[in-house]
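# Structural overview
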Amino acid sequence: DWSASLDLGFYTSSSGSAPILSGSEMTEKGVSADTMTKKQIQKALKNAGYYDGVIEGKIGPKTRAEIMEFQQNMELKADGIAGRNTKEKLLKYLQ
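Residues numbered from 1 in each chain as written. Predicted model: local features only at pLDDT ≥ 70, side-chain atom pairs only at ≥ 80, totals over all residues. Heavy atoms only, no water.

## Notes on the nonpolar core
The tendency in soluble globular proteins is for nonpolar side chains to be buried as a group. One finds M36, I41, L45 and L90 to be the most contacted residues of the largest nonpolar core, which totals 14 residues. Where this core is concerned, the elements lending two or more residues are α1 (38-47) and α2 (61-73). When residues in this core are grouped by element, the largest group, three residues, is from α1. The residues touching L90, leaving out its near neighbours within four places in the chain, are M36, I41, A44, L45 and F70. (Core = buried A, V, L, I, M, F, W, Y, C linked by side-chain atoms within 4.5 Å. Buried < 20%, exposed > 50% of the residue type's maximum accessible area, 1.4 Å probe, protein only. Helix = DSSP H or I, 4+ residues; strand = E, 2+ residues; numbered from the N terminus. Contact = heavy atoms within 4.5 Å.)

Right, here's the structure in full:
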């Protein structure tokens, strides 16, 4: 019997055993590459030093350009789209 602990960001068993990760690597509050929101993308970019705008959850031309710069520096396909590989790299900047 497993239960999600959103406040702690990981799954634990009902017996209280040590936390485990499920699926792709998860960060605080249970965020994964699959569940990352547009606001979280902007927050991660800001934490990584690529974004200096307001975190409002809209991916416009400025955010796309910053995603492309991040992708280039991470040796990813630089298309300005925050796909799974880009989000996986951004995850560590949400912690």
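So that's the structure; there's more coming.
## Looking at the pattern of salt bridges
Considering all chains together, one arrives at four salt bridges under this definition. Taking the shortest distance from any N to any O, the salt bridge between R84 and D34 comes out at 2.3 Å. Placement of the pair is R84 in helix α3 (residues 84-90) and D34 in the loop between β2 (10-13) and α1, with a sequence separation of 50 residues. The partly exposed category is assigned to R84, whose relative accessible area is 42%. On the basis of relative accessibility, which here comes to 56%, the residue D34 falls in the exposed class. With a closest N to O distance of 2.9 Å, K62 and D52 form a salt bridge. (Salt bridge = Lys/Arg side-chain N within 4 Å of Asp/Glu carboxyl O.)

## Notes on unusual backbone geometry
Its identity is not glycine, yet E75 carries a phi of approximately 60°, on the positive side. Following the sequence through the fold, E75 ends up in the loop between α2 and α3. The class for E75 is exposed, based on a relative accessible area of 75%.

## With respect to α1
Along α1, the residues that are buried comprise I41, Q42, A44 and L45. Buried residues of α1, seen end-on, are gathered within an arc of 160° and therefore sit on one face of the element. Lining the buried residues of α1 we find α2 and α3. (Arc of directions from axis to C-beta.)

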